[in-house]
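Coordinate analysis (summary)
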Amino acid sequence: MRLGTVLGIWAHPDDEVYLSGGLMATARAAGDRVVCVTATLGEHGTGDPQRWPPDRLARTRAVELRASLAALGVDEHRLLGLPDGDCPGQPFEEVSDRIAAIVDEVRPDTILTFGPDGFTGHADHRTVSAWATTAHAKSKSRARLLYATSTDEFAEQWQHVYDRLPVFIDGAEPLRTPVDKLAVHLKLDEETADRKLAALRCQATQTAGVVALLGEDTMRDWCATEAFVLGA
Ligand SMILES: [Zn+2]
């Protein structure tokens, strides 16, 4: 499926690559424009805040994100500059207006974001989903709105990864959308899977530990499927 101009709207650096890195790389290889919006720099995304105080982590994650997007062929990025972990505390109308203005400026054919579930249950993700959905409605855009999901088959196949990694929070579980309900079901070819792994590795503050735990091959194969349903 040709997605045309793609606008991704995500919460933290690494959300975009985990959930849509292959799709972004495929769109860029086809000559389509891809613009990525990130709400926060994920400055609290560490288990070691002594070593990684928020300012230092934010600076590093900004560099990592640029490198990761570049590995996917994406060079258009917008940062909203909001506080990590406090998306739900931000003024809803103001932020959704900012995103609507980006939608009207970019004029995407396809908008990618989280579903209302936030994919992992993260409150920032759920809020970004609501912002993006509202921004789409407020804008003049007729873009196709797509929510990241996973399938029953995928959840079964990768349960051994979820047993070892704290991906899901607040009681969330892997999403199990029936395959026939998917709008996009992308199984990455070898070259794209390699490219996505390289892009994931660019965000080492977030992914180095995961790669070390799972091994490169499992990391690559786990990340080689991307799925989306039509949004509201
Ligand atoms: Zn996130």
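Residues numbered from 1 in each chain as written. Predicted model: local features only at pLDDT ≥ 70, side-chain atom pairs only at ≥ 80, totals over all residues. Heavy atoms only, no water.

Within an unreviewed UniProt entry, the label attached to the protein chain reads 1D-myo-inositol 2-acetamido-2-deoxy-alpha-D-glucopyranoside deacetylase, and the organism entered is Paractinoplanes rishiriensis.

1. Some points on helix α4 (residues 123-138)
Relative to the 22 Å expected for 16 residues at 1.5 Å per residue, α4 spans 22 Å between its end C-alpha atoms, a close match to the ideal helical length. Of all the positions in α4, only Asp124, His125, Thr127, Val128, Ser129, Trp131, Ala132, Thr133, Ala135 and His136 are classed as buried. (Helix = DSSP H or I, 4+ residues; strand = E, 2+ residues; numbered from the N terminus. Expected span 1.5 Å × (residues − 1). Buried < 20%, exposed > 50% of the residue type's maximum accessible area, 1.4 Å probe, protein only.)

2. Details of the pattern of salt bridges
Overall, the coordinates contain 15 salt bridges when judged by the stated rule. Here Lys187 makes a salt bridge to Glu153, at a shortest N to O gap of 3.9 Å. Here Lys187, found in strand β6 (residues 184-187), pairs with Glu153, found in helix α5 (residues 152-157); they are 34 residues apart in sequence, far enough to count as distant. Linked by salt bridges that have partners in common, Glu190, Asp194, Arg220 and Asp221 make up one network. (Salt bridge = Lys/Arg side-chain N within 4 Å of Asp/Glu carboxyl O.)

3. A closer look at helix α3 (residues 92-106)
Taking 1.5 Å as the rise per residue, α3 with 15 residues should run 21 Å; its terminal C-alpha atoms sit 21 Å apart, in good agreement. For α3, the complete set of buried residues consists of Val95, Ser96, Ile99, Ala100, Ile102, Val103 and Val106. In an axial view of α3, the angular spread of the buried residues amounts to 160°, which keeps them on one side of the axis. Summarising the contacts, the buried residues of α3 are in contact with β1 (6-10), β2 (34-40), β3 (76-82), β4 (110-114) and α4. Remark: Arg107 follows α3 within two positions and exhibits a positive phi of approximately 50°. (Arc of directions from axis to C-beta. Contact = heavy atoms within 4.5 Å.)

4. Quick notes on the pairing of β3
Pairing between β2 and β3: five bridges, direction parallel. Following the sheet pairing, Cys36 is matched in β3 by His77. Handedness of the β2-helix α2 (residues 54-71)-β3 crossover: right-handed. (Pairing = 2+ DSSP bridges. Right-handed = clockwise from strand over helix to strand, strands pointing away.)

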